[in-house]
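Here's the letter readout for the chains.
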Amino acid sequence: MFSSISKFENIFIIAPHQDDEVLGVGGTLCKLLELDKKISVIFTTDGSKGIKKVPGFLTKQIRLEEVSNVNKLLKNKLEITYLNFKDGKLENDENQCLEKLTSIFAQFNPDLIFIPNSFDWHPDHKASNSYTLRSLKEIHSKAKIYEYEVWEALQEPDLLINITRQSELKRKLIRCYKSQIQQMDFESAIMGLNSFRALRLTKSEIVEDKVNYAEAFKEAKL
Ligand SMILES: [Zn+2]
């Protein structure tokens with residue numbers, strides 16, 4: 001339930017690419033911002049491989065603009081950090097990425113962190129999951145960690161958040177990533193997944209509001 005995460009104040013979302021934060025956590029993120037929570041997004045890669053037949057430097061620039069449009073819709077409340085490792089090749093920068101994440105977590109000591117799930121087939125997503133967990137372990141973090149869904153659905157999620165009221169805004173945020181939805185219909189795919197997750201939430205919890213969309217998460221332990 002949302003009440004189990006609404007007490008946290010210093011929230012981080014680790015996103016391998018410029019769109020994962022919205023696809024996986026977009027509704028929950030809006031819900032937390034309504035409570036004036038501090039949310040930081042860390043993009044681990046530069047996103048430079050994200051648009052077919054467009055050179056990397058241009059792709060990076062386009063995706064930066066898209067992130068800025070997302071943040072504008074959210075009244076610029078997101079704190080954004082780019083680690084800028086090469087898109088698709090995060091594994092090659094293992095040590096540098098671990099070092100950067102560890103130093104950020106040591107400095108800001110987050111209490112709630114969202115990360116891609118470990119079953120995700122995308123190597124940058126898998127690596128972002130693993131490097132975040134290892135960095136948090138390094139600083140003996142007590143943060144609550146939840147895995148989110150993008151390319152692979154979670155098995156037995158243990159946190160379902162009703163995002164029905166935020167779903168229109170989530171759609172608008174997804175549409176900010178024009179370069180991505182031109183290549184793949186993420187809006188239908190992700191909102192379809194969120195609609196499916198609503199079935200489970202309606203069945204598993206006493207919910208007063210109508211549930212049409214929900215985001216699913218699974219707790220990860222260090
Ligand atoms: Zn991604």
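Residues numbered from 1 in each chain as written. Predicted model: local features only at pLDDT ≥ 70, side-chain atom pairs only at ≥ 80, totals over all residues.

### Points about the nonpolar core
Right, so step 1: The biggest cluster of nonpolar side chains holds 53 residues, and the ones touching the most others in it are Ile 13, Ile 14, Ile 42, Ile 113, Phe 114 and Ala 214.
Right, so step 2: Sort the elements by how many residues they give to this core and helix 1 (residues 20-34) lands first, with six residues.
Right, so step 3: Beyond its immediate sequence surroundings of up to four residues, Ile 14 is in contact with Ile 42, Thr 44, Ile 113, Phe 114, Ile 115, Ser 128 and Thr 132. (Core = buried A, V, L, I, M, F, W, Y, C linked by C-beta atoms within 7 Å. Buried ≥ 20, exposed ≤ 12 C-beta atoms within 10 Å, placed from the backbone. Helix = DSSP H or I, 4+ residues; strand = E, 2+ residues; numbered from the N terminus. Contact = placed C-beta atoms within 7 Å.)

### What about unusual backbone geometry?
Right, so step 1: Unlike most non-glycine residues, Asp 36 shows phi in positive territory, near 65°.
Right, so step 2: Structurally, Asp 36 can be placed in the loop between helix 1 and strand 2 (38-45).
Right, so step 3: On the basis of neighbour counts, which here come to 8 C-beta atoms within 10 Å, the residue Asp 36 falls in the exposed class.
Right, so step 4: The backbone phi angle of Asn 109 is positive, close to 45°, even though this residue is not glycine.
Right, so step 5: Within the fold, Asn 109 resides in the loop between helix 3 (94-108) and strand 4 (112-116).

### Here's the deal with helix 2 (residues 56-73)
Right, so step 1: Over its 18 residues, helix 2 runs 26 Å from end to end, which matches the ideal 26 Å to within 8%, given 1.5 Å per residue.
Right, so step 2: Taken together, the buried positions of helix 2 are Thr 59, Lys 60, Arg 63, Glu 66, Val 67 and Val 70. Considered in projection along helix 2, the buried side chains sweep an arc of 125° and stay on one side of the axis. Exposed side chains of helix 2 directed beyond 90 degrees from the buried face belong to Phe 57, Leu 58, Ser 68 and Lys 72.
Right, so step 3: Against the buried residues of helix 2 lie helix 1, strand 3 (78-85), helix 5 (167-176) and helix 6 (178-181).
Right, so step 4: Where helix 2 terminates, the next one or two residues include Lys 75, which has phi positive at roughly 55°. (Expected span 1.5 Å × (residues − 1). Arc of directions from axis to C-beta.)

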